[in-house]
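Each chain, letter by letter, is given below.
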Amino acid sequence: MTSTLDGLVDTLKAAAETSRLRILALLSRGDLTVSDLTEILNQSQPRVSRHLKLLLEAGLIGRYQEGSWAFFRIADDEAARDFVHGVVTRIDRGDPQVERDFERLAAVKYRRQARAAEYFSANAASWDEIRSLHASDRAVEAALLKLVGKRPFQSMLDLGTGTGRLLEIFAPLYRRGVGMDMSREMLAVARANLDRAGVAHAQVRQGDIYAPPFDRDSFDLITIHQVLHYLDDPALAIREASRLLRPSGRLVIVDFASHALEFLREEHAHMRLGFSDRQIADWLTESGLDLEASEDFEPRGGGEDRLTVKLWVARDRRLLVAEPARVERETV
(Lines give C-alpha, C1' and ligand atoms only; values in the text may rest on other atoms or scores of the structure.)
Protein backbone atom coordinates (compact mmCIF):
# COMPACT_ATOMS: atom_id res chain seq x y z
CA MET A 1 0.00 0.00 0.00
CA THR A 2 2.02 3.00 -1.21
CA SER A 3 1.59 6.17 0.85
CA THR A 4 3.41 9.14 2.28
CA LEU A 5 5.27 8.47 5.49
CA ASP A 6 2.69 10.33 7.56
CA GLY A 7 -0.17 8.63 5.74
CA LEU A 8 1.32 5.19 6.30
CA VAL A 9 1.89 5.94 9.98
CA ASP A 10 -1.79 6.96 10.31
CA THR A 11 -2.88 3.74 8.61
CA LEU A 12 -0.67 1.63 10.84
CA LYS A 13 -1.97 3.44 13.93
CA ALA A 14 -5.55 2.75 12.87
CA ALA A 15 -4.86 -0.98 12.55
CA ALA A 16 -2.45 -1.31 15.48
CA GLU A 17 -4.97 -1.85 18.27
CA THR A 18 -6.25 -5.21 19.51
CA SER A 19 -9.98 -4.61 19.00
CA ARG A 20 -9.46 -3.06 15.58
CA LEU A 21 -7.27 -5.95 14.49
CA ARG A 22 -10.02 -8.32 15.65
CA ILE A 23 -12.55 -6.33 13.61
CA LEU A 24 -10.37 -6.53 10.48
CA ALA A 25 -9.97 -10.28 10.98
CA LEU A 26 -13.75 -10.71 11.31
CA LEU A 27 -14.59 -8.50 8.32
CA SER A 28 -12.10 -10.45 6.20
CA ARG A 29 -14.61 -13.31 6.52
CA GLY A 30 -17.66 -11.32 5.46
CA ASP A 31 -19.78 -8.21 6.02
CA LEU A 32 -21.08 -7.56 9.54
CA THR A 33 -23.31 -5.04 11.29
CA VAL A 34 -22.45 -3.05 14.43
CA SER A 35 -24.76 -5.37 16.38
CA ASP A 36 -22.91 -8.41 15.04
CA LEU A 37 -19.56 -6.97 16.05
CA THR A 38 -20.84 -5.85 19.44
CA GLU A 39 -21.97 -9.40 20.16
CA ILE A 40 -18.79 -11.04 18.89
CA LEU A 41 -16.34 -8.65 20.55
CA ASN A 42 -18.41 -8.48 23.76
CA GLN A 43 -17.99 -4.71 23.85
CA SER A 44 -20.39 -1.79 24.10
CA GLN A 45 -21.86 -0.36 20.91
CA PRO A 46 -20.27 3.10 21.40
CA ARG A 47 -16.86 1.51 21.77
CA VAL A 48 -17.28 -0.67 18.69
CA SER A 49 -18.61 2.31 16.73
CA ARG A 50 -15.51 4.34 17.64
CA HIS A 51 -13.21 1.57 16.42
CA LEU A 52 -15.18 1.38 13.18
CA LYS A 53 -15.00 5.14 12.73
CA LEU A 54 -11.19 5.08 13.00
CA LEU A 55 -10.92 2.23 10.50
CA LEU A 56 -13.28 4.06 8.14
CA GLU A 57 -11.25 7.25 8.35
CA ALA A 58 -8.10 5.26 7.55
CA GLY A 59 -9.78 3.83 4.45
CA LEU A 60 -9.35 0.23 5.60
CA ILE A 61 -13.07 -0.60 5.74
CA GLY A 62 -16.24 0.56 4.01
CA ARG A 63 -19.84 1.06 5.12
CA TYR A 64 -23.12 0.66 3.26
CA GLN A 65 -26.74 1.01 4.26
CA GLU A 66 -29.34 -1.72 3.80
CA GLY A 67 -32.68 -0.43 4.98
CA SER A 68 -32.24 0.43 8.66
CA TRP A 69 -29.12 -1.74 8.90
CA ALA A 70 -25.55 -0.54 8.31
CA PHE A 71 -23.07 -3.16 7.15
CA PHE A 72 -19.30 -2.88 7.33
CA ARG A 73 -16.82 -4.56 5.00
CA ILE A 74 -13.17 -4.50 4.01
CA ALA A 75 -12.63 -1.49 1.73
CA ASP A 76 -13.09 -1.91 -2.03
CA ASP A 77 -9.78 -0.19 -2.78
CA GLU A 78 -7.31 -2.86 -3.94
CA ALA A 79 -4.35 -1.33 -2.09
CA ALA A 80 -6.33 -1.23 1.16
CA ARG A 81 -7.48 -4.82 0.67
CA ASP A 82 -3.90 -5.95 0.09
CA PHE A 83 -2.79 -4.15 3.24
CA VAL A 84 -5.55 -5.70 5.37
CA HIS A 85 -4.92 -9.14 3.90
CA GLY A 86 -1.22 -8.83 4.70
CA VAL A 87 -1.98 -7.91 8.31
CA VAL A 88 -4.79 -10.40 8.93
CA THR A 89 -2.92 -13.41 7.52
CA ARG A 90 -0.19 -12.82 10.09
CA ILE A 91 -2.57 -13.23 13.03
CA ASP A 92 -2.18 -16.59 14.75
CA ARG A 93 -5.52 -18.41 14.33
CA GLY A 94 -4.68 -20.36 17.49
CA ASP A 95 -4.74 -17.22 19.63
CA PRO A 96 -7.45 -17.82 22.30
CA GLN A 97 -9.13 -14.44 21.67
CA VAL A 98 -9.21 -14.98 17.91
CA GLU A 99 -10.58 -18.49 18.36
CA ARG A 100 -13.43 -17.16 20.55
CA ASP A 101 -14.17 -14.41 18.01
CA PHE A 102 -14.47 -16.91 15.18
CA GLU A 103 -16.66 -19.20 17.31
CA ARG A 104 -19.05 -16.30 17.96
CA LEU A 105 -18.88 -15.34 14.27
CA ALA A 106 -19.94 -18.88 13.39
CA ALA A 107 -22.94 -18.52 15.73
CA VAL A 108 -23.94 -15.23 14.07
CA LYS A 109 -23.71 -16.82 10.63
CA TYR A 110 -25.69 -19.86 11.77
CA ARG A 111 -28.58 -17.61 12.81
CA ARG A 112 -28.40 -15.85 9.44
CA GLN A 113 -28.61 -19.18 7.68
CA ALA A 114 -31.61 -20.24 9.78
CA ARG A 115 -33.50 -17.05 8.91
CA ALA A 116 -32.57 -17.42 5.24
CA ALA A 117 -33.71 -21.04 5.18
CA GLU A 118 -37.07 -20.02 6.65
CA TYR A 119 -37.61 -17.40 3.94
CA PHE A 120 -36.43 -19.75 1.21
CA SER A 121 -38.80 -22.50 2.37
CA ALA A 122 -41.74 -20.08 2.38
CA ASN A 123 -41.11 -19.21 -1.27
CA ALA A 124 -39.77 -22.51 -2.57
CA ALA A 125 -43.07 -23.66 -4.09
CA SER A 126 -43.30 -20.55 -6.27
CA TRP A 127 -39.71 -20.85 -7.47
CA ASP A 128 -40.04 -24.57 -8.09
CA GLU A 129 -43.10 -23.98 -10.29
CA ILE A 130 -41.10 -21.72 -12.63
CA ARG A 131 -37.98 -23.91 -12.48
CA SER A 132 -40.00 -26.91 -13.68
CA LEU A 133 -40.81 -25.07 -16.92
CA HIS A 134 -37.26 -24.72 -18.23
CA ALA A 135 -33.89 -26.41 -18.63
CA SER A 136 -31.97 -27.42 -15.53
CA ASP A 137 -29.95 -24.75 -13.74
CA ARG A 138 -26.97 -27.09 -13.86
CA ALA A 139 -26.89 -27.06 -17.67
CA VAL A 140 -26.98 -23.27 -17.76
CA GLU A 141 -24.26 -22.98 -15.12
CA ALA A 142 -22.00 -25.38 -17.04
CA ALA A 143 -22.40 -23.26 -20.18
CA LEU A 144 -21.68 -20.07 -18.21
CA LEU A 145 -18.45 -21.49 -16.84
CA LYS A 146 -17.38 -22.65 -20.29
CA LEU A 147 -18.09 -19.29 -21.96
CA VAL A 148 -16.41 -17.22 -19.28
CA GLY A 149 -13.37 -19.50 -19.28
CA LYS A 150 -10.78 -20.33 -16.65
CA ARG A 151 -8.61 -17.21 -16.74
CA PRO A 152 -8.69 -15.36 -13.38
CA PHE A 153 -9.88 -11.76 -13.31
CA GLN A 154 -10.04 -8.93 -10.83
CA SER A 155 -13.70 -8.19 -10.09
CA MET A 156 -17.25 -9.41 -10.68
CA LEU A 157 -20.67 -7.83 -10.15
CA ASP A 158 -23.87 -9.89 -10.06
CA LEU A 159 -26.89 -7.61 -10.55
CA GLY A 160 -30.04 -9.02 -8.97
CA THR A 161 -27.93 -11.64 -7.22
CA GLY A 162 -30.85 -13.52 -5.67
CA THR A 163 -29.42 -16.55 -3.87
CA GLY A 164 -25.84 -15.54 -4.71
CA ARG A 165 -25.35 -18.67 -6.80
CA LEU A 166 -23.33 -17.00 -9.57
CA LEU A 167 -20.97 -15.44 -7.04
CA GLU A 168 -20.45 -18.93 -5.70
CA ILE A 169 -19.72 -20.70 -8.99
CA PHE A 170 -17.34 -17.98 -10.24
CA ALA A 171 -15.58 -17.58 -6.87
CA PRO A 172 -12.41 -19.42 -7.99
CA LEU A 173 -11.93 -16.88 -10.81
CA TYR A 174 -12.44 -13.41 -9.32
CA ARG A 175 -10.46 -11.62 -6.65
CA ARG A 176 -13.41 -9.49 -5.49
CA GLY A 177 -17.09 -10.24 -6.04
CA VAL A 178 -20.14 -8.09 -5.33
CA GLY A 179 -23.79 -9.08 -5.52
CA MET A 180 -26.57 -6.49 -5.56
CA ASP A 181 -30.28 -6.99 -4.95
CA MET A 182 -33.23 -4.87 -3.86
CA SER A 183 -34.66 -7.56 -1.57
CA ARG A 184 -33.25 -7.70 1.94
CA GLU A 185 -34.70 -11.19 2.30
CA MET A 186 -32.84 -12.43 -0.77
CA LEU A 187 -29.66 -10.76 0.44
CA ALA A 188 -29.98 -12.74 3.65
CA VAL A 189 -30.28 -15.92 1.58
CA ALA A 190 -27.23 -14.96 -0.50
CA ARG A 191 -25.11 -14.17 2.58
CA ALA A 192 -26.05 -17.48 4.16
CA ASN A 193 -25.21 -19.40 0.99
CA LEU A 194 -21.85 -17.66 0.53
CA ASP A 195 -20.99 -18.26 4.18
CA ARG A 196 -21.87 -21.92 3.80
CA ALA A 197 -19.73 -22.21 0.67
CA GLY A 198 -16.78 -20.49 2.36
CA VAL A 199 -16.73 -17.59 -0.13
CA ALA A 200 -15.21 -14.76 1.91
CA HIS A 201 -14.04 -12.57 -0.98
CA ALA A 202 -17.57 -11.75 -2.15
CA GLN A 203 -20.08 -9.43 -0.54
CA VAL A 204 -23.71 -8.61 -1.21
CA ARG A 205 -25.49 -5.31 -0.73
CA GLN A 206 -28.81 -3.63 -1.37
CA GLY A 207 -29.11 -1.41 -4.41
CA ASP A 208 -31.16 -0.28 -7.40
CA ILE A 209 -30.27 -1.93 -10.72
CA TYR A 210 -31.15 1.34 -12.49
CA ALA A 211 -28.63 3.25 -10.36
CA PRO A 212 -25.98 0.83 -9.08
CA PRO A 213 -23.73 2.54 -6.51
CA PHE A 214 -20.40 1.79 -8.17
CA ASP A 215 -17.81 3.79 -10.08
CA ARG A 216 -17.49 3.64 -13.85
CA ASP A 217 -15.07 0.99 -15.18
CA SER A 218 -15.14 -1.06 -11.96
CA PHE A 219 -15.77 -4.64 -13.08
CA ASP A 220 -14.33 -7.23 -15.48
CA LEU A 221 -17.45 -9.41 -15.46
CA ILE A 222 -21.07 -8.40 -14.83
CA THR A 223 -23.90 -10.92 -14.76
CA ILE A 224 -27.66 -10.34 -14.95
CA HIS A 225 -29.27 -13.71 -14.33
CA GLN A 226 -33.06 -14.09 -14.65
CA VAL A 227 -33.64 -10.44 -13.73
CA LEU A 228 -34.52 -8.49 -16.88
CA HIS A 229 -38.03 -9.98 -17.18
CA TYR A 230 -38.94 -8.33 -13.86
CA LEU A 231 -38.00 -4.85 -15.12
CA ASP A 232 -40.10 -2.25 -16.89
CA ASP A 233 -36.97 -0.80 -18.54
CA PRO A 234 -34.44 -3.58 -19.26
CA ALA A 235 -32.52 -1.37 -21.70
CA LEU A 236 -31.67 1.07 -18.91
CA ALA A 237 -30.38 -1.77 -16.73
CA ILE A 238 -28.10 -2.90 -19.57
CA ARG A 239 -26.83 0.65 -20.12
CA GLU A 240 -26.02 1.01 -16.44
CA ALA A 241 -24.23 -2.34 -16.45
CA SER A 242 -22.16 -1.32 -19.49
CA ARG A 243 -21.10 1.87 -17.69
CA LEU A 244 -19.55 -0.23 -14.94
CA LEU A 245 -17.56 -2.51 -17.25
CA ARG A 246 -13.84 -2.05 -17.67
CA PRO A 247 -12.44 -1.92 -21.23
CA SER A 248 -12.89 -5.38 -22.78
CA GLY A 249 -15.01 -6.42 -19.79
CA ARG A 250 -17.89 -8.82 -20.35
CA LEU A 251 -21.62 -8.68 -19.64
CA VAL A 252 -23.47 -12.00 -19.34
CA ILE A 253 -27.27 -12.03 -19.51
CA VAL A 254 -29.41 -15.08 -18.78
CA ASP A 255 -33.15 -14.83 -19.31
CA PHE A 256 -36.08 -16.36 -21.16
CA ALA A 257 -36.66 -16.32 -24.89
CA SER A 258 -39.91 -14.68 -26.00
CA HIS A 259 -42.93 -16.71 -24.87
CA ALA A 260 -46.68 -16.41 -24.30
CA LEU A 261 -47.11 -17.68 -20.73
CA GLU A 262 -49.32 -14.89 -19.39
CA PHE A 263 -49.69 -16.49 -15.97
CA LEU A 264 -46.07 -15.53 -15.21
CA ARG A 265 -47.06 -11.90 -15.55
CA GLU A 266 -50.23 -12.30 -13.53
CA GLU A 267 -49.00 -14.62 -10.78
CA HIS A 268 -45.24 -14.07 -10.60
CA ALA A 269 -44.81 -10.34 -11.37
CA HIS A 270 -42.97 -10.83 -14.68
CA MET A 271 -43.03 -7.50 -16.53
CA ARG A 272 -41.70 -8.97 -19.80
CA LEU A 273 -42.55 -12.27 -21.43
CA GLY A 274 -39.01 -13.04 -22.50
CA PHE A 275 -36.76 -11.40 -25.08
CA SER A 276 -35.75 -11.92 -28.69
CA ASP A 277 -32.14 -12.07 -29.87
CA ARG A 278 -32.69 -8.90 -31.90
CA GLN A 279 -34.03 -7.00 -28.91
CA ILE A 280 -31.07 -7.92 -26.71
CA ALA A 281 -28.55 -7.28 -29.50
CA ASP A 282 -29.98 -3.81 -30.15
CA TRP A 283 -29.80 -2.88 -26.47
CA LEU A 284 -26.22 -4.13 -26.24
CA THR A 285 -25.17 -2.17 -29.33
CA GLU A 286 -26.78 1.02 -27.99
CA SER A 287 -24.79 0.51 -24.79
CA GLY A 288 -21.43 0.23 -26.56
CA LEU A 289 -21.16 -3.54 -26.27
CA ASP A 290 -20.58 -6.21 -28.92
CA LEU A 291 -22.54 -9.46 -28.76
CA GLU A 292 -19.97 -12.27 -28.80
CA ALA A 293 -22.04 -15.40 -28.25
CA SER A 294 -25.50 -16.68 -27.47
CA GLU A 295 -26.88 -20.06 -26.56
CA ASP A 296 -30.34 -21.65 -26.25
CA PHE A 297 -31.42 -24.14 -23.60
CA GLU A 298 -34.53 -25.98 -24.61
CA PRO A 299 -37.10 -26.77 -21.90
CA ARG A 300 -37.41 -30.17 -20.33
CA GLY A 301 -40.19 -32.11 -21.99
CA GLY A 302 -40.71 -29.54 -24.77
CA GLY A 303 -44.14 -28.10 -25.52
CA GLU A 304 -45.55 -24.61 -25.91
CA ASP A 305 -46.19 -24.33 -22.17
CA ARG A 306 -42.45 -24.43 -21.44
CA LEU A 307 -39.70 -21.82 -21.36
CA THR A 308 -36.51 -21.63 -23.40
CA VAL A 309 -33.61 -20.13 -21.47
CA LYS A 310 -31.27 -17.85 -23.40
CA LEU A 311 -27.68 -16.88 -22.62
CA TRP A 312 -26.05 -13.81 -24.20
CA VAL A 313 -22.40 -12.79 -23.76
CA ALA A 314 -21.28 -9.28 -24.76
CA ARG A 315 -17.97 -7.44 -24.50
CA ASP A 316 -17.03 -3.80 -24.01
CA ARG A 317 -15.54 -2.75 -27.33
CA ARG A 318 -13.21 0.01 -26.16
CA LEU A 319 -10.06 -2.13 -26.03
CA LEU A 320 -10.88 -3.60 -29.45
CA VAL A 321 -10.94 -0.09 -30.94
CA ALA A 322 -7.65 0.90 -29.29
CA GLU A 323 -5.76 -2.31 -30.04
CA PRO A 324 -4.74 -1.64 -33.69
CA ALA A 325 -3.05 1.60 -32.64
CA ARG A 326 -1.14 -0.25 -29.94
CA VAL A 327 -0.01 -2.90 -32.41
CA GLU A 328 1.08 -0.24 -34.88
CA ARG A 329 3.19 1.53 -32.26
CA GLU A 330 4.87 -1.74 -31.34
CA THR A 331 5.85 -2.44 -34.94
CA VAL A 332 7.29 1.01 -35.60
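The structure presented is a predicted model; accordingly, all values stated were derived computationally and were not measured. (Residues numbered from 1 in each chain as written. Predicted model: local features only at pLDDT ≥ 70, side-chain atom pairs only at ≥ 80, totals over all residues. Heavy atoms only, no water.)

A.B. asks: Whenever I open this one, the overall build of the chain confuses me. Can you help?
C.D. replies: Counting secondary structure elements, the chain contains 13 helices and ten strands. Counting over 332 residues, the chain shows a buried share of 49%. Of the contacts made within the chain by residues no fewer than 6 positions apart, 69% connect residues no fewer than 24 positions apart. Accessible area of the chain: about 16300 Å², with a carbon and sulfur share of 51%. (Helix = DSSP H or I, 4+ residues; strand = E, 2+ residues; numbered from the N terminus. Buried < 20%, exposed > 50% of the residue type's maximum accessible area, 1.4 Å probe, protein only. Contact = heavy atoms within 4.5 Å. Areas by Shrake-Rupley, 256 points an atom, 1.4 Å probe, with all protein chains shown as cover.)

A.B. asks: What's the story with the packing of helix α2 (residues 18-27) against helix α3 (residues 34-41) in this structure? I'm lost.
C.D. replies: Packed helix pairs are characterised by how far apart their axes lie and by the angle those axes make with each other. It is at 11 Å that the axes of α2 and α3 come closest, and there the two elements cross at 120°. Put simply, α2 runs oblique to α3. The way α2 lies across α3 gives a crossing that is right-handed. Of the residues in α3, those in contact with Arg22, Ile23 and Leu26 of α2 are Leu37, Ile40 and Leu41. Here the residues of the contact of α2 with α3 are counted per class, giving five nonpolar, no polar and one charged. (Axes fitted to C-alpha atoms, helices over the stretch in contact; angles between N-to-C directions. Parallel < 35°, antiparallel > 145°, perpendicular 65-115°, else oblique. Left-handed = near helix turned anticlockwise from the far one by under 90°. Nonpolar A, V, L, I, M, F, W, Y, C, P; charged D, E, K, R; others polar.)

A.B. asks: Before we go on, may I ask you to explain the pattern of salt bridges in this structure?
C.D. replies: It is possible for side chains bearing opposite charge to pair when their charged atoms get close. One pass over the structure, following the stated rule, counts 21 salt bridges. Glu168 is the salt-bridge partner of Arg165, the closest N and O atoms lying 3.3 Å from each other. With Arg165 and Glu168 both in helix α8 (residues 165-169) and three residues apart, the pair spans about one turn of that helix. We classify Glu168 as partly exposed; its relative accessible area is 27%. Here Asp217 makes a salt bridge to Arg318, at a shortest N to O gap of 3.0 Å. Taken together, the residues span a long stretch of sequence, with Asp217 in the loop between β6 (202-206) and β7 (219-225) and Arg318 in helix α13 (residues 318-331) at a distance of 101 residues. (Salt bridge = Lys/Arg side-chain N within 4 Å of Asp/Glu carboxyl O.)

A.B. asks: Mind showing me how you'd approach the nonpolar core here?
C.D. replies: Soluble globular proteins tend to pack their nonpolar side chains together in the buried interior. In terms of nonpolar packing, the biggest core is built from 30 residues, with Leu144, Met156, Phe170, Tyr174, Val252 and Leu311 touching the most fellow members. Sorting the residues of this core by element identifies α7 (137-148), β4 (153-159), α8, α9 (184-197), β6, β8 (245-256) and β10 (309-316) as the ones contributing at least two each. Tallying contributions element by element places α7 first for this core, with four residues. For Phe170, the residues in contact, after removing those within four places along its chain, are Leu144, Leu145, Val148, Met156 and Leu221. Grouped together as the second largest cluster of nonpolar side chains are 29 residues, Leu37, Ile40, Leu55 and Phe83 included. (Core = buried A, V, L, I, M, F, W, Y, C linked by side-chain atoms within 4.5 Å.)

A.B. asks: How should α3 be read in this particular structure?
C.D. replies: Each α-helix turn comprises 3.6 residues. Residues three or four places apart therefore point the same way. Among the eight residues of α3, six are classified as buried, and the element is accordingly described as predominantly covered. Along α3, the positions that sit buried rather than exposed are Val34, Asp36, Leu37, Thr38, Ile40 and Leu41. Positive phi shows up at Asn42, right after α3, with a value of about 60°.

A.B. asks: Even after reading the chapter, I still don't get the sheet that holds β7, so can you show me in this structure?
C.D. replies: Backbone-to-backbone hydrogen bonds pair the strands of a sheet. The strands run either parallel or antiparallel. Taking strand neighbours across the sheet as the criterion, the seven strands line up as β6-β5-β4-β7-β8-β10-β9 in an open arrangement whose pairing is mixed. Two strands in the sheet have a free side with no partner beyond their single neighbour: β6 and β9 (289-297). In this sheet, neighbouring strand axes are inclined to one another by 15° on average, regardless of whether the strands run parallel or antiparallel. Sheet analysis places β4 next to strand β5 (residues 174-181), joined by six bridges and oriented parallel. Its bridge partner lying in β5, Leu157 is registered against Val178. Set on the sheet, α9 makes contact with β5 and β6; between it and β6 the angle comes to about 170°. (Pairing = 2+ DSSP bridges.)

A.B. asks: I'm lost on unusual backbone geometry in this one. Help?
C.D. replies: Residues other than glycine predominantly adopt negative phi, and peptide bonds predominantly adopt the trans conformation. Within the chain, Asn42 stands out as a residue other than glycine whose phi angle is a positive 60°. Tracing the backbone shows Asn42 in the loop between α3 and α4 (45-57). For Asn42, a relative accessible area of 61% translates into the label exposed. One non-glycine residue with positive phi stands out, namely Ser248, at about 70°. Tracing the chain through its elements places Ser248 in strand β8.

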